[in-house]
Amino acid sequence: MSAPLLAVEGLSKRFGATHACRSISFELEEGEALAVVGESGSGKTTLLHMIAGLLPADSGTVLYRNRDGVSRELGIMSEGERRALMRTQWGFVHQDAARGLRMNVSAGGNIGERLMALGERHYGRIRASAQDWLERVEIPANRLDDSPQTYSGGMRQRLQIARNLVTAPRLVFMDEPTGGLDVSVQARLLDLMRGLIAEMGLAVVLVTHDLAVARLLSNRILVMKQGEVIESGLTDRVLDDPQAPYTQLLVSSVLAA
Amino acid sequence: MSARAYNFAYLDEQTKRMIRRAILKAVAIPGYQVPFAAREMPMPYGWGTGGVQVTAAVIGPDDVLKVIDQGADDTTNAVSIRAFFAKTAGVATTTQTERATVIQTRHRVPETPLAEHQILVYQVPIPEPLRFLEPRETETRAMHALAEYGVMHVKLYEDIARHGHIATTYAYPTRVAGRYVMDPSPIPKFDNPKLDDCPALQLFGAGREKRIYAIPPYTQVVSLDFEDHPFERTKFDSACAFCGATDSFLDEVVTDDSGGRMFVCSDTDYCERRQAALEKEAAE
């Protein structure tokens, strides 16, 4: 059997006396969606940033299996290689779309940026891809030349997804992708993401505090509390039959409409 | 006054050495922006403090200096910088392009082709071509270091999406020697082809931003573009109203309040000498 797409081993991070993450390990296979859930301050985002190479870890390793089949350790990659990976094989969907988008550039430019970074120099083709992706994320085609500043929150989030997926990445990190959106917009976005993940065979590491989002999008789940993984397993198993007291508390505190 | 009022070319020798070191590094790495400790000059920022410091560092007693501002030798900026060096360095000055050994310029490259013994010094307001899309200096430095220039095309993409063609007409981004993307200073894109394979040494000084960069002689300078929207030099429909030139960059001059206008060469030296030649021809 080949190595997993992503292998995280003993990842730890401290901020002063606080342990943000304590020796976290997991593996992620190709096309698998993993949700990291927990309350605010449990270290979810820190973990995500460490895996994505945005934050150096104090200890532990992240191994990523490249397209050529060779697993490389993230910590010893050069900055250039890491950034190239980020542009080509990875995507990062931020909670705040303004962080993941260029707000002073049109939607088309936002989607086309990754293509241009990869050396595409044909305006017509770039524009056609941008148009295509705009439609795939259900944004009206006539908004192609509008700035994301004129977009609603849900549209910005969908634009951010299009911008990330245009180069067909293998692994996408998502940090609370539905945070701050109203429920009906959330539902549409989740539906869209679920479709794209399945269609493109994306591997996803999804950080969320919303168990419903985790249930809809992920195959497996990690429950974090105070920087530690207290429970993990198949999403349905963990959410339907939580073992750890904290997970039971989390599951029982979901409001039923 | 008995003692000399100024050191040669205003700056003290240590400062000139510091600037020369930056220039050498800039020449060694074409298009790379070298930080340097720009000094306060007796002129406001935006008036060519960077160019003046570079000129002061490269000029010698035997040099002949020409200063142009938007192509003209007779505008305030050009006249005062020329007077500045005439006073502080005692060098000869000229308005004739081929007689000059050092030419300091703001916003134009002379129409007369440059030669190997000449140095062209540009005044640069914002040296960072990526600044439009990336405000963080740490990030733009990393982008230069890793040659991540995709965003530069995003700017051109935006132009075409908005205007149907690449609407950037000045400070048009270039790639130097196949490596660094460089802002050629706010020269019209009409002048961009002159930068390529130029026999003269081209130095760029940004005083406020404290950066020096260079294009060594005979270096490849390519203007960025798209395959289906190639770089095009600005074309003019009319000829110069004074000298009839059709191959030079023209300024539009409004002549009255009822919409009258004319187009004249922006390079005054080029225009005047063409006029003189025409007169001579007519007299013969």
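This structure is a prediction, so every number in the text was calculated from the model and none was measured.

What counts and how
- Residues numbered from 1 in each chain as written.
- Chains lettered and ligands numbered in written order.
- Predicted model: local features only at pLDDT ≥ 70, side-chain atom pairs only at ≥ 80, totals over all residues.
- Heavy atoms only, no water.
- Helix = DSSP H or I, 4+ residues; strand = E, 2+ residues; numbered from the N terminus.
- Contact = heavy atoms within 4.5 Å.
- Buried area = accessible area lost by both parts, 1.4 Å probe.
- Salt bridge = Lys/Arg side-chain N within 4 Å of Asp/Glu carboxyl O.
- Nonpolar A, V, L, I, M, F, W, Y, C, P; charged D, E, K, R; others polar.
- Expected span 1.5 Å × (residues − 1).
- Buried < 20%, exposed > 50% of the residue type's maximum accessible area, 1.4 Å probe, protein only.
- Arc of directions from axis to C-beta.
- Polar contact = N/O pair within 3.5 Å; in protein donor to acceptor, adjacent residues only side chain to side chain.
- Phe/Tyr/Trp six-rings, centres within 6.5 Å; stacked < 30°, edge-to-face > 60°.
- Pairing = 2+ DSSP bridges.
- Axes fitted to C-alpha atoms, helices over the stretch in contact; angles between N-to-C directions.
- pLDDT = per-residue confidence, 0-100.

A. Summary view of the overall build of chain B. Scanning chain B from N- to C-terminus turns up seven helices and twelve strands. Its C-alpha atoms give chain B principal-axis dimensions of about 65 × 55 × 40 Å. Residue pairs in contact within chain B that sit at least 24 positions apart in sequence constitute 61% of those at least 6 positions apart.

B. Seen up close, the interface of chain A and chain B. On the side of chain B, 21 residues touch chain A, which itself brings 21 residues to the contact. Taken over both partners, the interface formed by chain A and chain B buries close to 1900 Å², and the fraction arising from carbon and sulfur atoms is 56%. Area buried by chain A at its contact with chain B is led by A:Arg83, A:Arg121 and A:Tyr123, which between them contribute 38% of it. Inspection of the chain A/chain B interface yields five salt bridges. Residue B:Glu227 is joined to A:Arg125 by a salt bridge in which the shortest nitrogen-to-oxygen separation is 3.6 Å. Elements supplying a minimum of two residues to the side of chain A that touches chain B: helix 2 (79-88), helix 4 (107-117) and helix 5 (123-136) of chain A. Grouping the amino acids of the side of chain A that touches chain B by side-chain chemistry returns five nonpolar, seven polar and nine charged.

C. Broad picture of helix 1 (residues 13-28) of chain B. Residues and elements named next belong to chain B. For helix 1, which comprises 16 residues, the first-to-last C-alpha distance of 22 Å matches the rise-based estimate of 22 Å (1.5 Å per residue) to within 8%. When helix 1 is considered as a whole, its buried residues turn out to be Thr 15, Lys 16, Met 18, Ile 19, Ala 22, Ile 23 and Ala 26. For helix 1, the angular spread of the buried residues around the axis is 160 degrees, confining them to a single face. Those residues of helix 1 that are exposed and angled more than 90 degrees off the buried face are Gln 14, Leu 24 and Ala 28. Those residues of helix 1 hidden inside the fold are in contact with strand 1 (34-35), helix 2 (49-58), strand 8 (201-206) and strand 9 (211-215). For helix 1, the N-terminal cap is Asp 12; the gap from its side-chain oxygen to the backbone nitrogen of Gln 14 is 3.2 Å.

D. Structural detail: the packing of aromatic side chains. Residues and elements named next belong to chain B. With the rule as written, the count across this model stands at 15 aromatic pairs over all chains. Ring geometry for Tyr 6 against Tyr 10: centres 5.9 Å apart, planes inclined by 45 degrees, an arrangement best described as tilted. Here Tyr 6 falls in the partly exposed class, since its relative accessible area comes to 33%. Seen in terms of ring centroids, Tyr 32 and Tyr 180 are 5.5 Å apart; in terms of plane orientation they differ by 55 degrees. Their pairing is tilted. Placement of the pair is Tyr 32 in the loop between helix 1 and strand 1 and Tyr 180 in strand 7 (residues 180-182), with a sequence separation of 148 residues.

E. Up close: the sheet that holds strand 10 (residues 221-223) of chain B. All names here are of chain B. Strand order in the open sheet made by the three strands is 7-6-10, with antiparallel pairing throughout. Each end of this open sheet is capped by a strand with a single partner; those strands are strand 7 and strand 10. Recorded for the sheet is a direction-independent mean angle of 30 degrees between the axes of neighbouring strands. Relative to strand 10, strand 6 (residues 174-176) runs antiparallel, the two being bridged by three bridges. In the strand pairing of strand 10, Thr 174 is matched with Ser 223.

F. Examining the sheet that holds strand 4 (residues 59-65) of chain A more closely. Residues and elements named next belong to chain A. Across the sheet, four strands lie side by side as 2-1-4-5; this open sheet has antiparallel pairing. Only two strands of the sheet have a single partner each, and these edge strands are strand 2 (18-28) and strand 5 (71-73). Within this sheet the neighbouring strands show an average axis-to-axis angle of 20 degrees, counted without direction. Bridge count between strand 4 and strand 5: three bridges; the pairing is antiparallel. Note that in strand 5 the partner of Tyr 64 across the bridge is Arg 72. Each of strand 1 (6-15), strand 2 and strand 4 touches helix 1 (residues 44-51); the most contacted strand, strand 1, lies at about 125 degrees to it.

G. Quick peek at the confidence of the model for chain B. Summary statistics for chain B give a mean pLDDT of 94 and a share of 99% for residues scoring 70 or more. Here the prediction assigns the complex a pTM of 0.89, and the interface score ipTM is 0.87.

H. Molecular detail of the pairing of strand 9 (residues 220-225) of chain A. All names here are of chain A. Pairing analysis gives four bridges linking strand 3 (residues 33-37) to strand 9, with the strands arranged parallel. When the bridges of strand 9 are listed, Val 37 appears paired with Val 223. By the bridge criterion, six bridges tie strand 9 to strand 10 (residues 228-234) in an arrangement that is antiparallel. Paired with Met 224 across the bridge in strand 10 is Val 229. Where strand 9 folds back on strand 10, the antiparallel hairpin that results is connected by two residues, among which Gln 226 adopts a positive phi of roughly 45 degrees.

I. Examining unusual backbone geometry more closely. The phi torsion at A:Ala168 lies on the positive side, around 50 degrees, for a residue other than glycine. Its location among the elements puts A:Ala168 in the loop between helix 6 (153-165) and strand 7 (171-175). Using a relative accessible area of 39% as the deciding quantity, one classes A:Ala168 as partly exposed. Even without being glycine, B:Ala9 reaches a positive phi, approximately 60 degrees. Secondary-structure assignment places B:Ala9 in the segment before helix 1. On the basis of relative accessibility, which here comes to 0%, the residue B:Ala9 falls in the buried class.

J. Examining helix 4 (residues 137-145) of chain B more closely. Among the residues making up helix 4 of chain B, those that are buried are B:Thr140, B:Ala142, B:Met143 and B:His144. Buried residues belonging to helix 4 of chain B abut helix 2 of chain A together with helix 5 (150-163) and strand 7 of chain B. Just past helix 4 of chain B, the residue B:Ala147 takes up positive phi, approximately 55 degrees.

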